[in-house]
Structures are given as structure tokens and as C-alpha cells.
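# Notes for the structure review
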Amino acid sequence: MKINGGAEPFMVNATAGTTVLGAFDPIEEIADICEKYNLWLHVDACWGGAALLSKKHRHLLKGIHRANSVAWNPHKMLMACLQCCAFMVRDKTGLLQRCHSARASYLFQQDKFYDVSYDTGDKSIQCSRKPDAFKFWLMWKALGTSELERRVDRAFAMARYLAQEIKKREGFRLLMEPEYANVCFWYIPPSLRNMPESPEFWQKLHTVGPAVKERMMKKGSMMVSYQPHGDKVNFFRMIIISPQASREDMDFVLDEIDRLGQDL
Ligand SMILES: *Cc1c(COP(=O)(O)O)cnc(C)c1O
């Protein structure tokens, strides 16, 4: 497979849970193509990887076992203290050592009495580093797999509840059904509700997100982010991760946006 200039692709980076929309690439289909063309398949599951803990939702990452490498951040959905990132490779031939090892004989002796493949020091770019994995290990020990699963399922359920409420309310419009815990929506203030959806309408709607965000921050009531995406003007993106978030909190988010944006 050659493309312009003789450059040759060697890897595909699929995303499981995109940052803005929480969308999942079809890993199984992508893995078929990677296998056919002998391409390295990396799955960026930084955000979406936590769905693997849920029996109900793990199908979103179907095929991830075929990836050559996976990145996952327990510091996101699972709320391990920042930072806690895992980079996993299927390779068992010492790839990371071959890439990063400085072979400092005064540091990483190879003639020890135990299996030195368990020494991780020489696999990474830095030498000294924090034991980030320990935080996740402790958390997993303390909460157990079933509590982590319950939290993930709860985040999904809250996101779905919020999406349903958005569909019921006047002045709120969902961008898409949430696949994960990202709920993306517009708030359309009363002054825009009877306007035709012309370029002027979208231009005005674009200014609503930043204005409401400014007000919520100054009041100190919430922090809900907004952003444009592709050809879509600024919209709110509510992310649900906290196991303490309730339906009442979801209602509050919508009530508060409505209160703050009524006069825009
Ligand atoms: C957050 C995120 C990253 C990177 O996260 P770090 O916190 O910087 O490790 C990568 N990919 C996706 C899809 C993300 O959401």
C-alpha cells in the first residue's frame, strides 16, 4: 500500500470514546483491515476504556483484544487521582525496552537472581517516575470490580436520563443520542425559539454557550463545558462521571442553564 510520495501507513489509531462526542469507532471492522494490510492497531481508549468494566456496555469496545496497543486513563471515568494512565502493548518481545532502553549498566543490572522481565524501569523514557499504577491498584482493591462496574453503569444511566430530559424540554436540543457519558446539547434561549434556522440563527446560537458559561462561573453554580465541533456551532457538553451525581443534579443542570440564559 503506497500513497503519494511513497509514504507508507504503518498504523491505525482508533478511538474508543472520543473526547467531545463520546463516540466509539468499530474496532472489530478496523482490526480486520489492519490484519489484512499488516498495520499496527492502536486503540485510544483513554476516555472510553472504563466501559470494559460494565458487562452491559463493554460491547462498545468489541474487538479491542485484537489491538496491538491500548491507552487507557483510569483518571477519567474511574476518577483515580490525576494522573493515572495505562499504556498496554500486546508485544512480548521487549518492544518497549528496544525503543527506550538506555542500557545503563549501573542502573538496570541484568544478572539478578530473579526474572528481570518484571523490572519496568528500563522500558520507559524517563528513569524516575511516580508509581501511578499503585493508586489504581489501591482503588480497585478498596472498591472491588463490582463497585467500579456499578459506577460505570450509573454514569451511563445518568447520561441517558439527562438526554431524555433534554428531549422533553422546550429550548433544549440534543446533538445526538449519547453513546457514552457525554451529553451534547444546545440551549436555545426564548429570543431565538421562533427564528428560522438561518445562518443568523446559528451565529447567535454560537454565542449562547460562552455567555451562559461565563454566568455560571461567576455565580459559582456549575462547570459545564462548551465547544464547537466540525460544522456545529458551540454546544454544551455535560460529562457524567461522579458516582454521587443524581437525577436531581441532572435536572439542576438544565434548570440552571435555563435560568442563566433566559434573557439572551
Ligand atoms: C483525555 C484524552 C486523551 C489524553 O488524556 P491525558 O489525560 O492527557 O492522558 C487522549 N485521548 C482521548 C480520547 C481523551 O479523551
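Residues numbered from 1 in each chain as written. Predicted model: local features only at pLDDT ≥ 70, side-chain atom pairs only at ≥ 80, totals over all residues. Heavy atoms only, no water.

Going by what an unreviewed UniProt entry lists, the chain is known as Glutamate decarboxylase like 1 and is assigned to Myripristis murdjan. UniProt lists a comment for the chain under the heading Sequence similarities (unreviewed entry), and it reads "Belongs to the group II decarboxylase family." UniProt, in the comment section headed Subunit (unreviewed entry), describes the chain in these words: "Homodimer." (UniProt positions renumbered as here; feature names shortened; annotations may be inferred.)

We now examine the pairing of strand β3 (residues 69-72). Every second residue of β3 is oriented toward a common face, with S69 and A71 on one face and V70 and W72 on the other, all of them buried. Inspection of the sheet shows strand β2 (residues 40-44) paired to β3 by three bridges, in the parallel sense. Its bridge partner lying in β3, D44 is registered against A71. Bridging between β3 and strand β4 (residues 86-89) involves four bridges; their strand directions are antiparallel. When the sheet's bridge partners are listed, W72 is paired in β4 with A86. (Buried < 20%, exposed > 50% of the residue type's maximum accessible area, 1.4 Å probe, protein only. Helix = DSSP H or I, 4+ residues; strand = E, 2+ residues; numbered from the N terminus. Pairing = 2+ DSSP bridges.)

Summed over the entire model, instances satisfying the criterion amount to 21 salt bridges. We note a salt bridge from E147 to R151, for which the minimum N-O separation is 3.1 Å. On the criterion of helical spacing, the pair formed by E147 and R151 is a turn pair, its members being four residues apart in helix α3 (residues 132-168). With respect to burial, E147 and R151 carry one shared label: buried. A single salt-bridge network, built from bridges that share partners, covers E28, D32, E35, K62 and R66. (Salt bridge = Lys/Arg side-chain N within 4 Å of Asp/Glu carboxyl O.)

Here we take up the sheet that holds strand β6 (residues 182-187). Ordered by their spatial adjacency, four strands build an open sheet running β5-β6-β8-β7, and the pairing between neighbours is antiparallel. In the strand order of this sheet, the two ends are held by β5 (172-174) and β7 (225-229), each with one partner. Taken over all neighbouring pairs, the strand axes of this sheet differ in orientation by 40 degrees on average, direction set aside. Pairing between β5 and β6: three bridges, direction antiparallel. Bridge pairing in β6 links R173 to W186. Against the sheet, helix α4 (residues 199-206) engages β5, β6, β7 and β8 (232-239), with an angle of about 40 degrees to β8. (Axes fitted to C-alpha atoms, helices over the stretch in contact; angles between N-to-C directions. Contact = heavy atoms within 4.5 Å.)

Residues annotated by UniProt as "modified residue: N6-(pyridoxal phosphate)lysine" (unreviewed entry) correspond here to K76. Contacts of K76, omitting those with residues within four sequence positions, involve C46, W47 and I241.

What follows is about the environment of G220. Relative to the elements of secondary structure, G220 occurs in the loop between α5 (208-219) and β7. Judged by its relative accessible area of 61%, G220 is exposed.

Turning to a nonpolar patch on the surface, a few remarks are in order. Side chains of F134, W137 and L138 sit close together on the surface and give an oily, nonpolar patch of about 330 Å² of accessible area. Looking at the element boundaries, F134 is found in helix α3. (Patch = residues over 30% accessible without salt bridge, like charges linked within 9 Å, V, L, I, M, F, W, Y side chains within 5 Å. Areas by Shrake-Rupley, 256 points an atom, 1.4 Å probe, with all protein chains shown as cover.)

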